[in-house]
Amino acid sequence: MQKISRADHFRSASRGLLFILIFFLPLLALPFTPEPLELNKQTLLLLLSFTAVIAWFASQLIEKQARFRRGWMNVAPLLLLAAFVLPAISSASPYLSWVGANRQEYTSVLTILGCAILIWILATSIVSRRSHQILHAIFVFSTSITALLAVLSFFGVPVFSVLNLAVAFNTVGSFTNFVVFLIVMNAFFISAFISHKQHDSLLNDGWLGAIERGLIIALALTTFFFLLVLDYWPLWLLFSVSLSIPFVFVFFRAEDFPSQKRLLVPLVMLLAALPFWFFIDGVSFQQTPLEVAPNFDSSLNITQQALQKFSSHFGSGPGTFAIDYTMFRGNEINQTDFWDTRFDRADSNALTMLSTLGVFGATLFALFILLFFFRSALQIVRPLNRCEWLESFVHLTPWCVLVFSSFFFPWDMTLMGSFAIFSGLLVSQTMSKETQLSFKRSPSIALVCSFVFAFVSFIFLVGIFVTTQRYMAEVSFARAMKVNQEGGDTQKIVELLDRSARLNRYHDTYYRALGDALLLRVEEELAGVDSMDTLTPDSSRYIQELVASVVNAHARATELSPFNAVNWLARGNACRELIPVMGQAAEFAVQSHERAVELDPMNPRVATELGRTLFAAAQAVRPLTSSSDQSSASTAQKQLEKYLGDAEQIFGRAIQLKANYAPAHFELALVYEAQGRMDEAVKKMEAVALYNPLDVGAQFQLGVLYLRRGNVGDVSLAKKMLERAVELSPKYSNARWFLASIYEGQGDIASAAREVEEVLALNPGNKLVEARLERLLSGQIATELPEAIE
């Protein structure tokens, strides 16, 4: 008896863990990670679902008796898992596909594994009517708290900022996904309301029952309110479908509904929604967040090209839609404010899955859905008893709403988890009754159960270790981001990022950020150094180690995710900055940026960065054109001309992609100057300054170009531009430096000295500035235009 009692405790613990998981899934948000929702929800799903399985197996070992439910639905979760595992094998970004990161946790193999386990353990352990009653009550209170927090936040109550949570209005995800979640749960509650008889609900009687009914009414009103706020026709369509589905089942089993009058509730809600769907505008609130996603046509075009590029059978891999988007997006997005946004999911979850899972993976996912639908629908049409009919009807309705939503909206961890939960509850009603086999009568069963328990426990312990390390890495990364935002010590940032990279060696984001932080350390070490020759051997060695670390970190990032344009862009930027201190840096920078352009061909910023790298390479080659060796000088001149010509072509390409992209015009003007085409350079920079009157860099460069061209009237124009630059940025040393030259050339020594004094105040201890100020105060006038001081 003692062993049986202990086994019951373990089974109760397994169910309790599932109840906790279901309660906290839509609610969980923690401030310890850079993104407070998705990773934490994924961790919750994995830890609790695995622990529930271990507790369930432990109960069997304790009572020395195997309990299981026969049926081919036991293997149905494997179909779901295969739909994601097979595409992940050849993924364009393995870490994203297998583990998940950057808000792509919901579609990773790790999450789907957790969902498959959740489906199976729910189907196995949440069987009794009592368990379902408890679960329904948990749904009510969890959804109510989720909605309450969203309402309070929407009307300005700082519930999330008090907890230091960087979430927008709700703990589900995007505003649209939050409303989708409310619609799904409203469908669940409506289905329960119209089908439940007395005592069907755990809280049916007394004041608890009154609270439950009050919460359900409040949730229905909250859902309708947020529908009015967003006023988005697909949401009204989803809401209407969610209210129409119960009537389909009423047609088949009208006699099982306790009161026909209750059907008036979904009917009235449906009739109230239709005018807002077709005729009446919703309610406008200033605090409503803007949400943007690729439209259907754009998403479909990206999906088609991704299937052609990677694999029509397996796509680009789970979680890699951002890669597909950057490679295949259209140029029309460049005419909007979202031209530099990397969308990580398509117009709908269905298109996201098709693009990333391929035809084969998406077909397996669709087969999983069809299998569950037809088996559960059959349970409703031809049930063995009312209990089976009731639970199947109540859970199939929100499940169908979720499936329907996948054709109109992207998903997240909450919606994916909800899909798994309702799938598991559906299976719990379609599998046969529990079978019990004693270990004494069947030793082989005992051996199998012991092996499975040991194997699952081992996997769980390994998973705990890996998950803990991964979570600590995210916490360290979040701390590094916070220190950076607060303007903290660069060395501290490097230490935190290095810790993240050591704890999780497969996340490219950590290495990319570490490379950028190390580059800042290189710049700090070189600040104030006139020449590398002046460094001590120890300093020189330390800088060389830093430079090597920068290169290695960025190389590791591109190795981990070779199709991520952001990694190649950061690698190219780092190599470009290292041109003065590292041989072949220019070549590496050009190659990296060329790869970035291949992966993000429609982004003018990426093209402009390549142009900047070519221009920097040209500037590095220029001194060699004055070599005493004629052959070397000739080769350098040809290389210089090629770099400048290629840069001109690339900047022209960037301007074609986005005609009003000022940085490309700005850099093209500098190329014209380097080629000696001063009139074209001035004309181009005049256009940039005209359309960007607050761009201090454009005003300054135009002033310098006027000075260097030297046409009649150019000095006056240069003076005007440089004075404008100083007005925009009084601490802009170079603007004051060249303005002082104009004053000096006009004989206004006092004004020139005043400007140089300001420059010295901004650059204390600068020998060049001190020497010039001393010369001006002594009355000497320069005959040449000075170089920039920084």
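Structure first, text after, so check above.
Residues numbered from 1 in each chain as written. Predicted model: local features only at pLDDT ≥ 70, side-chain atom pairs only at ≥ 80, totals over all residues. Heavy atoms only, no water.

Asker: Hey, could you go over the overall build of the chain for me, with residue numbers and the actual values?
Answerer: Of the regular secondary structure elements, the chain holds 31 helices and 2 strands. Overall, the C-alpha framework of the chain stretches about 105 × 65 × 45 Å when taken along its three principal axes. Among the 790 residues that make up the chain, the fraction classed as buried is 54%. Of all intrachain contacts in the chain linking residues separated by at least 6 positions in sequence, the fraction that spans at least 24 positions is 74%. On the chain, roughly 34,900 Å² of surface is accessible, and the fraction owed to carbon and sulfur atoms is 61%. Taking the average location of the 62 positive side-chain charges in the chain and that of its 68 negative ones, the two points are 13 Å from each other. (Helix = DSSP H or I, 4+ residues; strand = E, 2+ residues; numbered from the N terminus. Buried < 20%, exposed > 50% of the residue type's maximum accessible area, 1.4 Å probe, protein only. Contact = heavy atoms within 4.5 Å. Areas by Shrake-Rupley, 256 points an atom, 1.4 Å probe, with all protein chains shown as cover. Lys, Arg positive; Asp, Glu negative; His and termini not counted. Charge placed at Lys NZ, Arg CZ, Asp CG, Glu CD.)

Asker: Outline the pattern of salt bridges, supporting the account with residue identities and numerical values.
Answerer: Within this structure, the stated rule accounts for 25 salt bridges. Of the charged contacts in the structure, one is a salt bridge between arginine 772 and glutamate 744, with a shortest N-O distance of 3.1 Å. With arginine 772 in helix α31 (residues 767-777) and glutamate 744 in helix α29 (residues 733-745), the pair connects residues that are 28 residues apart, well separated along the chain. Here the two residues arginine 772 and glutamate 744 agree in accessibility, since each one is buried. Taken together, the shared-partner salt bridges connect Arg576, Glu609, Arg612 and Glu667 into one network. (Salt bridge = Lys/Arg side-chain N within 4 Å of Asp/Glu carboxyl O.)

Asker: Describe the side chain of histidine 665, naming the residues involved and giving the relevant values.
Answerer: Structurally, histidine 665 can be placed in helix α25 (residues 662-674). A polar contact is formed between the side chain of histidine 665 and the side chain of lysine 684, at a distance of 3.1 Å. Leaving out residues up to four positions away in the same chain, histidine 665 has contacts with Ile655, Ala659, Lys684 and Val688. (Polar contact = N/O pair within 3.5 Å; in protein donor to acceptor, adjacent residues only side chain to side chain.)

Asker: Residue-level account of the packing of helix α3 (residues 76-89) against helix α5 (residues 109-125), with values.
Answerer: Contact geometry of α3 with α5 gives a least axis separation of 9 Å together with a crossing angle of 170 degrees. The angle between the axes of α3 and α5 places the two elements in the roughly antiparallel class. Here α3 contributes Pro77, Leu80, Leu81, Phe84, Val85 and Ala88 to the contact with α5, which in turn contributes Val109, Ile112, Leu113, Ala116 and Ile119. Of the residues assigned to the contact of α3 with α5, the class counts are 11 nonpolar, no polar and no charged. (Axes fitted to C-alpha atoms, helices over the stretch in contact; angles between N-to-C directions. Parallel < 35°, antiparallel > 145°, perpendicular 65-115°, else oblique. Nonpolar A, V, L, I, M, F, W, Y, C, P; charged D, E, K, R; others polar.)

Asker: Tell me about unusual backbone geometry, and please be specific about residues and values.
Answerer: Phi angles above zero are rare outside glycine, and arginine 103 is one such case at about 70 degrees. Its location among the elements puts arginine 103 in the loop between α4 (94-98) and α5. Of note, aspartate 231 is a non-glycine position whose phi angle comes to about 50 degrees, a positive value. Tracing the chain through its elements places aspartate 231 in the loop between α9 (206-230) and α10 (233-252). Assessed through its relative accessible area of 29%, aspartate 231 is described here as partly exposed.

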